[in-house]
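Structural characterization, general
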Amino acid sequence: NAGVTQTPKFRVLKTGQSMTLLCAQDMNHEYMYWYRQDPGMGLRLIHYSVGEGTTAKGEVPDGYNVSRLKKQNFLLGLESAAPSQTSVYFCASSTGSQPQHFGDGTRLSIL
Amino acid sequence: GEDVEQSLFLSVREGDSSVINCTYTDSSSTYLYWYKQEPGAGLQLLTYIFSNMDMKQDQRLTVLLNKKDKHLSLRIADTQTGDSAIYFCAESPPAYTNKLIFGTGTLLAVQP
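A brief structural summary. (Residues numbered from 1 in each chain as written. Chains lettered and ligands numbered in written order. Predicted model: local features only at pLDDT ≥ 70, side-chain atom pairs only at ≥ 80, totals over all residues. Heavy atoms only, no water.)

Broken down by element type, chain B carries zero helices and 11 strands. Reading the helices (α) and strands (β) of chain B from amino to carboxyl end gives β-β-β-β-β-β-β-β-β-β-β. Computed over its C-alpha atoms, the radius of gyration of chain B comes to 14 Å, within 12% of the 13 Å expected for a compact globule of 112 residues. Summarising its shape, the C-alpha atoms of chain B cover approximately 45 × 30 × 20 Å along the three principal directions. Among the 112 residues that make up chain B, the fraction classed as buried is 46%. (Helix = DSSP H or I, 4+ residues; strand = E, 2+ residues; numbered from the N terminus. Rg over C-alpha atoms; globule rule 2.2 N^0.38 Å. Buried < 20%, exposed > 50% of the residue type's maximum accessible area, 1.4 Å probe, protein only.)

Here's what the structure looks like:
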């Protein structure tokens, strides 16, 4: 079982470029989440999804969009990258009230 | 608002016990979690406790929950160098979304 897989693992972008981060889970989980981790601030929820075809805003959604076209995939998009979006991005999934399982993260730098 | 607080840093000697503390604000949280993050890696679930419990023990790990003071602690017995990592506590306010609110993390440094 792969669990939660994030691609890519590293990426460097220029300001204004766009990109999509992919999260895939093979545990048949209903819920999926995107977080960003910044020094001294823990993990902050960007967007989440409670099922295929649904998405909702988290704590810091501005500048990001998401899509959940398939149950196993949750995509995070940056339409016009800004240096403030330099961060480590984590995807997680869960079912019901069970603990969230995390991917290994994507390290994104915006120059 | 929702806020989970942890101290930033803890240093212990190998073989000693470590105690990492956390305070949370949402008294209706149903579950409280401890996650471990090693350098360059994702978050690994260590243990969790249901809100109607006071204590949970799992091998070297002991979780204590004081609901009155909204205080959660993680005790690691016989701390090893491999325990060096960042430890996050997280609360799960009651909602069908199963969202988590994370603390800022405590860096545990184990000195040989």
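With that out of the way, let us pick up the pattern of salt bridges. When their charged atoms lie close together, side chains carrying opposite charge are able to pair. Taken as a whole, this structure holds six salt bridges over all chains when the rule is applied. A salt bridge links A:Arg44 to A:Asp38, with the shortest nitrogen-to-oxygen separation between them at 2.9 Å. Residue class for A:Asp38 comes out buried when judged on its relative accessible area of 11%. Of the charged contacts, one joins B:Asp83 and B:Arg60 as a salt bridge, the two residues approaching to 3.0 Å between their closest N and O atoms. In this pair, B:Asp83 sits in the loop between β8 (71-76) and β9 (85-92) while B:Arg60 sits in the loop between β6 (55-58) and β7 (61-66), placing the two residues 23 residues apart along the sequence. For B:Asp83, a relative accessible area of 7% translates into the label buried. One network of salt bridges, in which partners are shared, links A:Arg36, A:Asp38 and A:Arg44. (Salt bridge = Lys/Arg side-chain N within 4 Å of Asp/Glu carboxyl O.)

The partner chain B presents 19 residues to the 22 residues of chain A that form the contact. When the two sides are added together, the surface that chain A and chain B hide from each other amounts to roughly 1,600 Å², 56% of it contributed by carbon and sulfur. Contact with chain B buries area across many residues of chain A, yet A:Leu43, A:Pro99 and A:Phe102 alone supply 27% of it, more than any other trio. Run the count over chain A and chain B and you get zero salt bridges. No other element matches the four residues that strand β4 (residues 31-37) of chain A contributes to the side of chain A that touches chain B. Here the side of chain A that touches chain B is composed, by residue class, of 11 nonpolar, nine polar and two charged. (Contact = heavy atoms within 4.5 Å. Buried area = accessible area lost by both parts, 1.4 Å probe. Nonpolar A, V, L, I, M, F, W, Y, C, P; charged D, E, K, R; others polar.)

Let us look at the packing of aromatic side chains. According to the stated counting rule, one finds 14 aromatic pairs over all chains in the structure shown. Summarising the aromatic geometry, the rings of B:Phe88 and B:Phe102 are spaced 6.4 Å apart at their centres and angled 85° between planes, so their arrangement reads as edge-to-face. Highlighted residues: B:Phe88 in strand β9 and B:Phe102 in strand β10 (residues 101-102), separated in sequence by 14 residues. Through successive ring pairs, a cluster of aromatic residues spans A:Tyr33, A:Tyr35, A:Tyr48, A:Phe102, B:Tyr31, B:Tyr33, B:Tyr35, B:Tyr48, B:Phe50, B:Phe88 and B:Phe102. Across the ring face of B:Tyr48, the terminal group of B:Lys56 is positioned such that the distance to the ring centre comes to 4.5 Å. (Phe/Tyr/Trp six-rings, centres within 6.5 Å; stacked < 30°, edge-to-face > 60°. Lys NZ or Arg CZ within 6 Å of the ring centre and 35° of its normal.)

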